[in-house]
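# Per-entry structural report
Chain by chain, the residues:
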Amino acid sequence: NAGVTQTPKFRILKIGQSMTLQCAQDMNHNYMYWYRQDPGMGLKLIYYSVGAGITDKGEVPNGYNVSRSTTEDFPLRLELAAPSQTSVYFCASSSLTGGETQYFGPGTRLTVL
Amino acid sequence: QQPVQSPQAVILREGEDAVINCSSSKALYSVHWYRQKHGEAPIFLMILLKGGEQKGHDKISASFNEKKQQSSLYLTASQLSYSGTYFCGTVGSGNTGKLIFGQGTTLQVKP
């Protein structure tokens, strides 16, 4: 049982490049989340999903896109990378919303130069 | 809206107690508490639900005042391993799934 996995662990992008951050969970959780954490700051919710095919915006969705075609996977897409997107990105999942633990992946450290 | 945590930072000696507070301006369904060590992912500590149910760590206690939309995390007889940043997260009363985190409280426990 791997829990929540994220790839890559580190990435450096140039301004304007695109990339997809991968997130997968093997706990059969319906709910999945993407957060970003800037240095010394708290976690900001980017997007979340309540099941395959259903996604919704969080606090800071601009500049990102998501899709959820399967229960296991929840990729995050950056279309035109900007320096303001330099951050650590965490994916999380939970079995239910609101009243259950969110399990976090190890994070992806992204730098945009 | 982001919940507000206080204090922003705490320095303790081993064995001392600490209280971290979390306050929201909105009615809440649940309050979540996580601890994060530098360079690591947040780790779950506790969930407090509307109605009084609690789920979490045996050695950590917390309270949730639904009427005031406030929660407090109690760390007693602190150990060096308690050092880290503590975050509260809140889910609004509509329970839409959005967990919004506070800005964090940094706790340092010294020998």
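In the block above lies the structure referred to throughout.
The structure reproduced in this document is the subject of the present report.

Conventions used here
Residues numbered from 1 in each chain as written. Chains lettered and ligands numbered in written order. Predicted model: local features only at pLDDT ≥ 70, side-chain atom pairs only at ≥ 80, totals over all residues. Heavy atoms only, no water. Helix = DSSP H or I, 4+ residues; strand = E, 2+ residues; numbered from the N terminus. Rg over C-alpha atoms; globule rule 2.2 N^0.38 Å. Buried < 20%, exposed > 50% of the residue type's maximum accessible area, 1.4 Å probe, protein only. Contact = heavy atoms within 4.5 Å. Buried area = accessible area lost by both parts, 1.4 Å probe. Salt bridge = Lys/Arg side-chain N within 4 Å of Asp/Glu carboxyl O. Polar contact = N/O pair within 3.5 Å; in protein donor to acceptor, adjacent residues only side chain to side chain.

What follows is about the overall build of chain A. Helices and strands together make up the secondary structure of chain A, namely zero helices and eleven strands. Relative to its length of 113 residues, chain A is compact, with a C-alpha radius of gyration of 13 Å against a globular reference of 13 Å. Dimensions of chain A along its principal axes, counting C-alpha atoms only, are 35 × 25 × 25 Å. Per-residue burial over chain A gives 48% buried out of 113 residues. In chain A, the share of contacts with a sequence separation of at least 24, taken over all contacts with a separation of at least 6, comes to 55%.

With that out of the way, let us pick up the interface of chain A and chain B. It is common to report an interface's size as the accessible area lost on association of the parts. With 23 residues of chain A in contact, the opposing surface of chain B contributes 25 residues. For the pair chain A and chain B, the summed buried area comes to about 1800 Å², and 56% of that belongs to carbon and sulfur atoms. If you look at where chain A meets chain B, you find zero salt bridges. At the junction of chain A and chain B, the tally comes to three residue pairs in polar contact (both at pLDDT 80 or more). Secondary structure elements with two or more residues in the side of chain A that touches chain B: strand 4 (31-37) and strand 5 (43-51) of chain A. Looking at which element gives the most residues to the side of chain A that touches chain B, the answer is strand 5 of chain A, with four residues.

This part is about the side chain of S30 of chain B. All names here are of chain B. With respect to the helices and strands, S30 occurs in strand 4 (residues 28-36). A residue is classified by how much of its surface remains accessible, and S30, at 0% relative accessible area, is buried. Within the local environment of S30, its side chain forms a polar contact with the side chain of H32, the two groups lying 3.1 Å apart.

Moving on, we come to the environment of L80 of chain B. Residues and elements named next belong to chain B. With respect to the helices and strands, the residue L80 is situated in the loop between strand 8 (70-75) and strand 9 (84-92). Taking relative accessible area as the criterion, L80 reaches 40% and is therefore assigned partly exposed. Note: C-alpha distance between L80 and E14 (66 residues apart in sequence) is 6.5 Å. In contact with L80, other than residues within four places in its own chain, are E14, K37, V109, K110 and P111.

Residues and elements named next belong to chain A. Considering the arrangement of structural elements, one finds Q17 in the loop between strand 2 (10-13) and strand 3 (19-25). Judged by relative accessible area, which is 35%, Q17 ranks as partly exposed. For the pair Q17 and L78, spaced 61 residues apart in the sequence, the C-alpha separation amounts to 8.2 Å. Ignoring any residue separated from it by four or fewer positions in sequence, one finds Q17 in contact with L78, E79, L80 and A81. From its side chain, Q17 meets the backbone nitrogen of K14 in a polar contact 2.8 Å long.

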